[in-house]
Amino acid sequence: MARRRWPVILAGLGWALGGCIELPDELPARPLFDVGGEGGSGGEGGSGGAGGEPGDMTPADDAAPAPDAAPADEVCNGRDDDYDDSIDEGVRNDCNDCGPLPDEICDGFDNDCDLVVDEAPECRCAPGLEEVCGADRGACTEGVRICSGEGQWGPCSGIAPTPELCNGVDDNCNGDTDEGVLNACGGCGAVPDEVCDGVDDDCDGHIDGREAPFDVCVCEPNTTRECGTNEGACRVGRERCTYEGWAGCEGSVDPGDERCNRVDDDCDGAVDEGACECEPGDTRACGRDVGQCRQGEQTCEGGFWGDCVGGRDPVNELCNQLDDDCDDDVDEGACDCTPGDTRPCGATDTGACRRGTETCSGGVWGNCRDAIGPELERCNGIDDDCDGDTDERWPALGAQCSVGQGVCRRGGRVECDGPDAAACDAAPGPSSPEVCNGQDDDCDGDADEGLGGGACDTGEPGICGPGVRRCDGQTLWCDATREATGEACDDVDQDCDGRVDEGTDGTPCDTGQPGRCGPGTLSCEGGELDCRRNRRPSNESCNGQDDDCDGDVDEPPLLIAAECETGDPGRCAVGQSACVGGQVVCVAPDAAREVCNGEDDDCDGQTDEGTAGQPCDTGLGGDCAAGQTTCAGGVLGCAVSGRQPLEGAGDPQTCNGLDDDCDGFVDERHPTEIECINGLSGYYCRNGSRRVCGINPDPEPIPQ
């Protein structure tokens, strides 16, 4: 069985029973009552020390009422005083707050929540005056109000505060949302009912009930019991206890609807009550003896009346002087006419159609006799379909027409050609073989066909000789298949002048070879055209041309470089001869960056300029280490950039905190500590300052 949990209140007491009481699995989140101060802990089997001042055993400020407290009248305190699952109902003011209503002030708001803004006497105004009212806060918006003729401010056009609702919106525009309307669980609406689920559903500080845990549970979770009944057709099963109570009766047979079967289906101790219509074997008359109908007999089977057997049921009324539907009326609505009457029938008397006659027999009009109805229109000069038109399917009847082609064409008129067709009454004329005359002699739709296209000889020389026959509608000609063109070197007479390959050589051409070997002249021999070069290769010379036809121009070693005078200063004065642009020129060397070497490296007429004055390290100590480069006689040096080492560095006047002799030591020749006699004599050097015994143990630095 699961462990039951009980609230325990310790009012400033120690463990009086020495740890014999089993603690509950979980305690309420807050104490139910204010108790005294914290007491000391007792030893094993003893009682704890006394606590602080004892509490007054009144409910804590924000705790739920004690489980056994009696309901009280509801007051505006944020609690459910009367235990009806509602908080402060009926005791809040019109602004949904506790206490008296606020006074109305002139601020464009409905302060006292009476749906009237600024109705206080001091809120009078000048008629026609306008001002901004309200505020953009919460659900409210700013608007404009106008002073009426009575000197009172009219309503604000903005959205005014409304009583606070539980909707996540600041309805009364006081900066708070849903204040005073949330239930004890911090949500909207009624507090949920407590159910048996191990959770404090109604947020009253107790799980599954007020007085004790599980007091809303009807059973001990996870236990089982019998359910159902064995009465009649029912059978018992077992159900399991959950946090929601007894649920899920498994294996049982539940009551059903009572049936007429000699069984207690609804398990109430009675059999077939209200389920049977009759006693098995009983009989009774069924149907009725009216008109053509006859009664039959029903037999009780299984408690229910069976089908009606041996009778005659009503049928649809017929026009037969009988009451077929057994309603005491004869032939009602079944007859169309009086027997022996006649009337015309059929569609029309137009065209080939004729109307007939129908006679009433047995109250119904008989077949239409001797009528001639419409038929499909035929080509016969008769209105067969009786629509007032004759032979309208062939609108071309009587029109002029023709048959045949070419010289065989003959004219006539369209006439009926049998009942379902129309045709031209003419016959085509005779045909003859085709001749070159521009006419269709063989009547096949084409004129002069087959009279051209054969090979023939025009009698012209060269390519203009072969031809093809052509009929122009009057005469048969032989047209050349090719026209004269320009002569080409192919041993053929292209210009049709009786000569071959004339004028196809002697024109300039490109041999495709490099240099001077490229230009050539065309030569035609034996029908083949050849481009022959005009010049042969020669030795290369400085002329901007490829004399030896090797693809390179003025290439060495044909031109031997030699020293020459450029006329420029410095290192640029002596150059080398070279072939440039087809001419021999003296090319000077490139100017270089000036260095300290006694020469004009950058060819500007000056020597070693700009090579001195750069920072350098002299290699000396102290202040003499920093230097600048010097250039003299083409030799680069580094000279001290500051002062030079002082002579007589041991002079007392040089106590200055500097390495005056550049040896790496500062003031090393000056005493740093001496013994002063009677404080009247002696001096020493400290931190670059001269100090005299007894006079200035901390003097100002001696000027240098």
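Note that the structure is predicted; figures quoted are calculated from it, not measured. (Residues numbered from 1 in each chain as written. Predicted model: local features only at pLDDT ≥ 70, side-chain atom pairs only at ≥ 80, totals over all residues. Heavy atoms only, no water.)

Q: Honestly, the overall build of the protein chain in this entry has me stumped. Any pointers?
A: Scanning the protein chain from N- to C-terminus turns up 0 helices and 28 strands. Within the protein chain, the fraction of its 704 residues that count as buried is 26%. Counting every atom, the protein chain has about 43,400 Å² of accessible surface; 49% of that belongs to carbon and sulfur. (Helix = DSSP H or I, 4+ residues; strand = E, 2+ residues; numbered from the N terminus. Buried < 20%, exposed > 50% of the residue type's maximum accessible area, 1.4 Å probe, protein only. Areas by Shrake-Rupley, 256 points an atom, 1.4 Å probe, with all protein chains shown as cover.)

Q: Would you explain the sheet that holds strand β26 (residues 635–640) in this entry?
A: Across a sheet, strands are paired by hydrogen bonds formed along the backbone, either parallel or antiparallel in direction. Taken together, the 3 strands give an open sheet; going across it, the order is β24-β25-β26, and neighbouring strands pair in antiparallel fashion. Two strands in the sheet have a free side with no partner beyond their single neighbour: β24 (615–617) and β26. Across the sheet, the axes of successive neighbouring strands diverge by a mean angle of 55°, strand direction being ignored. Sheet analysis places strand β25 (residues 626–632) next to β26, joined by 6 bridges and oriented antiparallel. Residue pairing for β26: threonine 630 is matched across the bridge by glycine 637. (Pairing = 2+ DSSP bridges. Axes fitted to C-alpha atoms, helices over the stretch in contact; angles between N-to-C directions.)

Q: What am I meant to see in the pairing of strand β20 (residues 528–533) here?
A: On a regular strand, one side chain projects to one face of the sheet and the next to the other, so that they alternate. Pairing of strand β19 (residues 519–525) with β20, which is carried by 6 bridges, proceeds in the antiparallel orientation. Looking at β20, one finds that glycine 520 is bridged to arginine 533. Between β19 and β20, which follow one another and run antiparallel, lie 2 residues, and glycine 526 among them has a positive phi close to 60°.

Q: Explain the sheet that holds strand β11 (residues 364–365) to me, please; I cannot follow it from the model alone.
A: Strand order across the open sheet formed by 3 strands is β9-β10-β11, with antiparallel pairing between neighbours. Pairing within the sheet leaves two strands with one partner each, and these edge strands are β9 (342–345) and β11.

Q: Looking at this structure, I do not really get the pattern of salt bridges. What am I missing?
A: Two side chains with opposite charge may pair up if their charged atoms get near one another. One pass over the full model with this rule turns up 7 salt bridges. Between glutamate 358 and arginine 343 there is a salt bridge, with its nearest N and O atoms 2.3 Å apart. Of the two residues, glutamate 358 sits in strand β10 (residues 356–361) while arginine 343 sits in strand β9, which places them 15 residues apart along the sequence. Its relative accessible area of 11% is what places glutamate 358 among the buried residues. (Salt bridge = Lys/Arg side-chain N within 4 Å of Asp/Glu carboxyl O.)

Q: Would you mind going over a nonpolar patch on the surface with me for this structure?
A: Taken together, Val580, Val585 and Val587 make up a surface patch of nonpolar side chains, about 200 Å² in accessible area. By the element assignment, valine 585 lies in strand β23 (residues 583–587). For valine 585, a relative accessible area of 31% corresponds to the partly exposed category. (Patch = residues over 30% accessible without salt bridge, like charges linked within 9 Å, V, L, I, M, F, W, Y side chains within 5 Å.)

Q: Help me understand unusual backbone geometry, please; the structure alone is not making it clear to me.
A: Residues apart from glycine generally show negative phi values, whereas peptide bonds are mostly found in trans. Even without glycine at this site, cysteine 267 takes up a positive phi of about 55°. One can find cysteine 267 in the loop between β5 (245–250) and β6 (283–286).

Q: It is not clear to me how the confidence of the model for the protein chain should be interpreted in this structure. Could you clarify?
A: When pLDDT drops low, the exact placement of atoms in the prediction is not to be read closely. Across the protein chain, the average pLDDT comes to 76, with 79% of residues at 70 or higher. For residues 1–68, every residue scores under 50 in pLDDT, and the model assigns this stretch 81 contacts once sequence neighbours within four places are set aside. Scored below 50 in pLDDT, residues 698–704 makes 10 contacts in the model with residues more than four places away or belonging to other chains. (pLDDT = per-residue confidence, 0-100. Contact = heavy atoms within 4.5 Å.)

Q: Mind showing me how you'd approach the side chain of glutamate 74 here?
A: Looking at the secondary structure, you find glutamate 74 in the segment before β1 (130–133). Buried and without a salt bridge, glutamate 74 has arginine 92 as its closest oppositely charged side chain, separated by 8.1 Å. A distance of 3.1 Å separates the side chain of glutamate 74 from the backbone nitrogen of aspartate 81, its partner in a polar contact. From its side chain, glutamate 74 meets the backbone nitrogen of aspartate 82 in a polar contact 3.2 Å long. Beyond its immediate sequence surroundings of up to four residues, glutamate 74 is in contact with Arg79, Asp80, Asp81, Asp82, Ser86, Ile87, Asp88, Glu89 and Val91. (Lys, Arg positive; Asp, Glu negative; His and termini not counted. Polar contact = N/O pair within 3.5 Å; in protein donor to acceptor, adjacent residues only side chain to side chain.)

Q: I keep staring at the side chain of aspartate 608 and nothing clicks. Help me out?
A: Tracing the sequence through the fold places aspartate 608 in the loop between β23 and β24. Among buried charged residues, aspartate 608 stands out as having no salt bridge; its nearest opposite-charge side chain is arginine 593, 10 Å away.

Q: What is the right way to read the environment of cysteine 353 from this model?
A: Relative to the helices and strands, cysteine 353 resides in the loop between β9 and β10. Spatially, the C-alpha atom of cysteine 353 lies 5.2 Å from that of glycine 373, the residues being 20 residues apart in sequence. Beyond its immediate stretch of four places on either side in the chain, cysteine 353 contacts Thr348, Ile372, Gly373, Pro374 and Cys386.

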